[in-house]
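Fold and contact review
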Amino acid sequence: MPQEPAEKHPEESYTGIGASRGIAIGECYVFIKEIGIHEARELNEKNISEEIQRFLTALERSEKELQKIERVTIRKLGKGYSDLFQAQIMMLHDSVLIDAISDRIRSERRSAHFVIEEEFDHYLENFINSDDQIFQERADDLHDIKNRIIRNLNVRKLHSWIPEGVIVVADKLSPADIILLSRSNIKGFATDSGGSTSHISLICKSLNIPIVVGLGNFSQKITTGMQLILDARAGTVIINPEKKTIARYIGKNEADKKNEADTSLTAMLPATTKCGIRITFYANVDFKEELQAISSAGAEGVGLFRSENLFTNGNTVPKESEQFSYYHEMAEMISPMPLDIRLFDIGGDKLIYSPVKEENPNLGWRGIRILIDLPDILDNQVRAVIRSNTHGNLAILIPMIISLDEIRHVRKVVDKHYSELTKEGNWQIEKPGVGAMIEVPAAVELIEEITTCADFISIGTNDLTQYTLAVDRNNVIVQDLFETFHPAIIRQLHRVIKTANKNHCKVTICGNMGSDPLALPFLLGCGLRRFSVVSSDIPKLKSLVSCFSIAETGALAEECLKLDTPAKIKACLEAFQAAH
């Protein structure tokens, strides 16, 4: 009898976050980490010592693994990213952590893996429960250390070999996994968890490997060997693609590569409009490792460094010496280009400073409010920035401004520490400028006064939209109401930019809207000349700038400001884009 044809599974599409550009087509490999099975057992006097020794041996094995991974990282990416693994190695030598785990094994007579799990979970709790994506992503790094130690309690070899040329799918991956797996000529990665600013995303960008993160429970829905298309630009993964879909994506991939080659030719050139007006593009940066790539993308400095990434766990503020070392290295790397350091944008939901659990932390104790209430944190950060400013290219950016008193307070702190440091003999340092983030409607209402009090301003469109429209951008129920082109938003932007220019106060946009090609001509028409965006977006934006004249964009802005719905504004912008 003729054999029944195999059942054909339908094509399905899943959406996550595209965290590294590119398209990959091929077979998937579902990567599952083996932690090992550990039995719970009551310890006696004899095997307590054996259990503690087993823990210490696991630390040694973990360190050897990380040293190996560090060597591979240096070979593939240079010294920058190897610091990630140095930080993990240092944690393996943390005497407070080692003593706490050893003492609990001894006093509670419990197996090492239970105690390790609980001790690390104590650190992890603040990160996982945070509403801030950056802190959630730091949790993945701590998970990796914990799981590595637990796996090494038993003699289990590190699993790092997989078939060549596959698309790796996993629930979560660590920086170490990415580095080791990339040796197998991986086409791409897809993970259930993670975000665009996670270490794995940044490493994939540096390795030019496409990755889509935040796919939910995607890894549970597929099996090794299934055919996938991974579109990291759109944040899409397609399983069981039809032939016509594959053909379309092959064509799209070739077109993208040609377009990237074309735009890279303009990346290193100054950005000018059709009428010759100079436009400046800076990069938004989360880690110093990104600085290696910003110049080749055409960035002329850093318009936003999110310094809260220096927090390595939920209850330890980086010391002044640690911050100084970090900022000074960054300043050296990009000098004479500018580097704007945003003061710690931390909140009661992100770290353990808040004495109470806040019902709505986005409207609570966060940003500059914490820094004023906890002066030691502000003092240490300001001193570290001033000490690092030997090239005169550093500036301070204040988050969550709602009053002039907050700007004046930070200015007094800067003046005080600059005076002290110069008296100590640090004559080579320069006083950093002080800028204000415009991300709350109150700051928009005070924009006349703010732009005469601050040296510069930076517009955070993500929070400004959230607070103006009373829409939590992370709440899926009301996500469709988070509308960047709402009339209220574009009118606020126009007012802020016009006022800043009138008062000769430098103004930059650093939110997602700055990267939106649709918004670009409107912002130019409002008078914006400085953008701070993800560095990979800069070549494309520079190319677009050359298509417009200021007279045309000014007329476009005036037209949009008269419209009363987001749909009308978007239609107007799309028509302008199509015509140019």
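On a predicted model such as this, the values are computed, not experimentally measured, just so you know.

Helix and strand counts for the protein come out as 21 helices and 17 strands. Looking at the 580 residues of the protein, the share that counts as buried comes to 54%. The long-range share in the protein, meaning contacts at least 24 apart out of those at least 6 apart in sequence, stands at 68%. Accessible area of the protein: about 25500 Å², with a carbon and sulfur share of 52%.

One finds Phe189, Ile457 and Phe531 to be the most contacted residues of the largest nonpolar core, which totals 148 residues. Leaving out residues up to four positions away in the same chain, Phe189 has contacts with Ile167, Val168, Leu173, Ile178, Leu181, Cys204, Ile209, Pro210, Ile211, Val212 and Leu230. If you look at the next biggest cluster of nonpolar residues, it comprises 17 residues, including Leu215, Leu228, Leu230 and Ala232.

What follows concerns the packing of helix 16 (residues 461-469) against helix 17 (residues 487-502). At a minimum axis distance of 10 Å, the contact between helix 16 and helix 17 shows a crossing angle of 125°. Viewed along their axes, helix 16 and helix 17 adopt a mutual orientation that is oblique. When you trace helix 16 past helix 17, the crossing you get is right-handed. Contacts from Thr461, Leu464, Thr465, Thr468 and Leu469 in helix 16 reach Ala488, Ile489, Gln492 and Leu493 in helix 17. Class assignment for the residues of the contact of helix 16 with helix 17 results in five nonpolar, four polar and no charged.

What follows is about the environment of Glu119. Position of Glu119 relative to the elements: it lies in helix 4 (residues 112-128). Judged by relative accessible area, which is 17%, Glu119 ranks as buried. For the pair formed by Glu119 and Lys146, sequence separation is 27 residues and the distance between their alpha carbons is 9.3 Å. If sequence neighbours within four positions are ignored, Glu119 has contacts with Leu97, Ala100, Ile101 and Arg104. There is a polar contact of 3.0 Å between the side chain of Glu119 and the side chain of Arg104.

Here the focus is the sheet that holds strand 2 (residues 17-20). The strand order across the open sheet formed by eight strands is 1-8-7-3-4-5-6-2, and the pairing between neighbours is mixed. Pairing within the sheet leaves two strands with one partner each, and these edge strands are strand 1 (12-15) and strand 2. Each strand of the sheet is rotated relative to its neighbour by a mean of 30°, with strand direction disregarded.

This part is about the pairing of strand 12 (residues 339-342). Both faces of strand 12 are covered, namely the face carrying Leu339 and Ile341 and the face carrying Asp340 and Arg342. Bridging between strand 11 (residues 302-306) and strand 12 involves three bridges; their strand directions are parallel. Directly across from Phe305, in strand 12, lies its bridge partner Ile341. When strand 12 meets strand 13 (residues 394-398), the two strands line up parallel, connected through four bridges. For Leu339, the partnering residue across the bridge sits in strand 13 and is Leu394.

It is at 9 Å that the axes of helix 1 (residues 45-77) and helix 3 (residues 95-108) come closest, and there the two elements cross at 155°. By the angle class used here, helix 1 and helix 3 are roughly antiparallel. Between helix 1 and helix 3 lies a crossing whose hand is right-handed. Contacts between helix 1 and helix 3 involve Ile48, Glu51, Ile52, Phe55, Leu56 and Leu59 from the former and Ile98, Ile101, Ser102, Ile105 and Arg106 from the latter.

Residue position: Ile346 is located in the loop between strand 12 and helix 11 (368-373). On the accessibility criterion, Ile346 (0% relative accessible area) is buried. For Ile346 and Gly367, which are 21 residues apart along the polypeptide, the C-alpha to C-alpha distance reads 5.3 Å.

Helix length check: helix 13 (residues 404-423) (20 residues) gives 29 Å between terminal C-alpha atoms against 28 Å at 1.5 Å per residue, within 8%. In this fold, the buried residues of helix 13 make contact with helix 11, helix 12 (375-388), strand 13, strand 14 (433-438) and helix 15 (447-453). Of the residues one or two after helix 13, Gly425 is the one with positive phi, at around 105°.

Summed over all chains, the structure comprises 30 salt bridges. The closest approach of N and O atoms between Glu117 and Lys146, which form a salt bridge, is 2.8 Å. Of the two residues, Glu117 is situated in helix 4 and Lys146 in helix 5 (residues 133-151); the sequence distance between them amounts to 29 residues. Given the relative accessible area of 31%, Glu117 is considered partly exposed. Owing to a relative accessible area of 4%, Lys146 belongs among the buried residues under this scheme. Residue Arg495 is joined to Glu445 by a salt bridge in which the shortest nitrogen-to-oxygen separation is 3.2 Å.

Turning next to the packing of aromatic side chains. Counted according to the given criterion, the structure contains five aromatic pairs. Aromatic pair Tyr14 and Phe218: ring centres 5.1 Å apart, planes at 65°, arrangement edge-to-face. Of this pair, Tyr14 sits in strand 1 while Phe218 sits in the loop between strand 6 (211-213) and strand 7 (227-231), placing them 204 residues apart in sequence. The exposure classification of Tyr14 matches that of Phe218, with both residues buried. Plain terms: the ring middles of Phe281 and Phe531 are 5.2 Å apart, the flat faces sit at 25° to each other, and that makes the pair stacked. Of this pair, Phe281 sits in strand 10 (residues 278-285) while Phe531 is found in strand 17 (residues 530-533), placing the two residues 250 residues apart along the sequence.

Rules used throughout
Residues numbered from 1 in each chain as written. Predicted model: local features only at pLDDT ≥ 70, side-chain atom pairs only at ≥ 80, totals over all residues. Heavy atoms only, no water. Helix = DSSP H or I, 4+ residues; strand = E, 2+ residues; numbered from the N terminus. Buried < 20%, exposed > 50% of the residue type's maximum accessible area, 1.4 Å probe, protein only. Contact = heavy atoms within 4.5 Å. Areas by Shrake-Rupley, 256 points an atom, 1.4 Å probe, with all protein chains shown as cover. Core = buried A, V, L, I, M, F, W, Y, C linked by side-chain atoms within 4.5 Å. Axes fitted to C-alpha atoms, helices over the stretch in contact; angles between N-to-C directions. Parallel < 35°, antiparallel > 145°, perpendicular 65-115°, else oblique. Left-handed = near helix turned anticlockwise from the far one by under 90°. Nonpolar A, V, L, I, M, F, W, Y, C, P; charged D, E, K, R; others polar. Polar contact = N/O pair within 3.5 Å; in protein donor to acceptor, adjacent residues only side chain to side chain. Pairing = 2+ DSSP bridges. Expected span 1.5 Å × (residues − 1). Salt bridge = Lys/Arg side-chain N within 4 Å of Asp/Glu carboxyl O. Phe/Tyr/Trp six-rings, centres within 6.5 Å; stacked < 30°, edge-to-face > 60°.

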